[in-house]
Amino acid sequence: MTEDDVTLVVSRLDTATSVTVITGAGLSAPSGVPTFRGTQGLWKNQRPEQLATPEAFAADPTKVWEWYNWRREQLAGCQPNKAHQVLSRWSRSSTPATVITQNVDGLHERADTARLLRFHGSIWELRCWHHCAAGETSWWDDTVPLVPCPPRCPHCNGIARPGVVWFGESIPQETLTRSLRAAHCDVFFTIGTSAVVHPAASLVHRAKQHGAFTVEINLEPTPASGDVDVSLQGSADQILLAIDEHRTT
Ligand code: OAD
């Protein structure tokens, strides 16, 4: 990352009338939340199809819930970091940024981010696995650990499932529509994501096609790096702070 890169990004931000950010697990890494891919990632020792698919849940809901309970326990001890705080400020500025997150950890919410689109749902929400009428609408439960395991739907007493989007499931239509709309913006950031899980990974390309100035922030190159206008290599919290310090709007 050079001073010139930061200056260019800041000048684009200062004149933008619309700003959109998509975040991934790397944004929460400085908070101590494990990422999914890479040498220390959750998918290093666990196969996603055995834990994060409807088929895995149908086969063994207790095993899947034990994994989610373990992650919820970890997350309960984590705090939003500087990157979450900067994005929260941007979401409340005079040109309010829309923040689309793939993260289910709840840290953007705890940093009080406005205009947040939770692309993959929330680990703190549950809904009825059996699609009972009242349990279709997810409910918030931050009890750690959840007891019993698996937890029950308060409406029909059937099994409840985590309110997250699993592999093979669709993004909720309203979230997808709003995210696609938000990709029509002046400046689009992709931060702390390996940019391999679609449709989230497509948004930066869509933004670019619609004329957005695109910026990536990541510790390492990703499949999106070659397509963005500026690729800033480093930790999301430090780079966002550096950009934020130079902003005038
Ligand atoms: P990944 O684990 O795939 O990627 C995390 C990215 O963050 C990597 O590219 C790292 O290089 C980068 N990174 C790590 N620490 C960073 C830091 N301090 N600053 C900046 N970048 C950093 O996570 P996601 O891309 O979010 O899906 O994964 C996408 C989806 O795959 C997740 O939402 C989840 C997962 O399976 C579902 O749960 C449906």
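Look up a bit, the structure's there.
Attention in this report is confined to the structure presented alongside it.

Rules of the game
- Residues numbered from 1 in each chain as written.
- Predicted model: local features only at pLDDT ≥ 70, side-chain atom pairs only at ≥ 80, totals over all residues.
- Heavy atoms only, no water.
- Pairing = 2+ DSSP bridges.
- Helix = DSSP H or I, 4+ residues; strand = E, 2+ residues; numbered from the N terminus.
- Axes fitted to C-alpha atoms, helices over the stretch in contact; angles between N-to-C directions.
- Contact = heavy atoms within 4.5 Å.
- Left-handed = near helix turned anticlockwise from the far one by under 90°.
- Nonpolar A, V, L, I, M, F, W, Y, C, P; charged D, E, K, R; others polar.
- Near = heavy atom within 4 Å.
- Polar contact = N/O pair within 3.5 Å; in protein donor to acceptor, adjacent residues only side chain to side chain.
- 1 Å grid on protein atoms, 1.4 Å probe; cavity = no way out; pocket = protein on both sides within 12 Å on 5 of 7 lines; lining within 4 Å.
- Sits in = over half its atoms within 2 Å of the grid points.
- Domains from an automatic or database assignment.

## Quick word on the sheet that holds strand E7 (residues 187–191)
No. 1: On the basis of which strands lie adjacent, the open sheet formed by 6 strands has the order E3-E2-E1-E7-E8-E9 and parallel pairing. Every interior strand has two partners, whereas the edge strands, strand E3 (116–118) and strand E9 (230–233), have only one. Neighbour-to-neighbour, the strand axes of this sheet turn through a mean angle of 15°, independent of strand direction.
No. 2: Inspection of the sheet shows strand E8 (residues 213–218) paired to E9 by 4 bridges, in the parallel sense. For Glu-216, the partnering residue across the bridge sits in E9 and is Ser-231.
No. 3: Against the sheet, helix H1 (residues 3–15) makes contact with strand E1 (19–23), E7, E8 and E9, and its axis sits at roughly 125° relative to E9, the strand it touches most.

## Regarding the packing of helix H7 (residues 82–91) against helix H11 (residues 236–246)
No. 1: At their nearest, the axes of H7 and H11 sit 8 Å apart, and the two run at 40° to each other. Helix-helix and strand crossings are classified by hand; for H7 and H11 the assignment is left-handed. Of H11, the residues touching H7 (which contributes Lys-82, Ala-83, Val-86, Leu-87, Arg-89 and Trp-90) are Ala-236, Asp-237, Leu-240, Leu-241, Ile-243 and Asp-244.
No. 2: Of the residues that constitute the contact of H7 with H11, the class distribution is 8 nonpolar, no polar and 4 charged.

## What to know about the site of the ligand
No. 1: Neighbouring residues of the ligand: 23 residues in total, closest Phe-36, Arg-37, Thr-193, Ser-194 and Asn-218.
No. 2: In the model, an oxygen atom of the ligand is placed 2.6 Å from a nitrogen or oxygen of the Arg-37 side chain.
No. 3: Between the ligand and Ser-194, the relevant distance is 2.5 Å, taken from an oxygen atom to a side-chain nitrogen or oxygen of the residue.
No. 4: Judged by the proximity of its atoms to the pocket grid, the ligand belongs to the largest pocket.
No. 5: Partitioned by chemical class, the residues of the shell around the ligand number 10 nonpolar, 11 polar and 2 charged.
No. 6: A domain split of the shell around the ligand shows at least three residues from each of domain 1 (1–32 + 80–120 + 172–249) and domain 2 (34–77 + 125–164).

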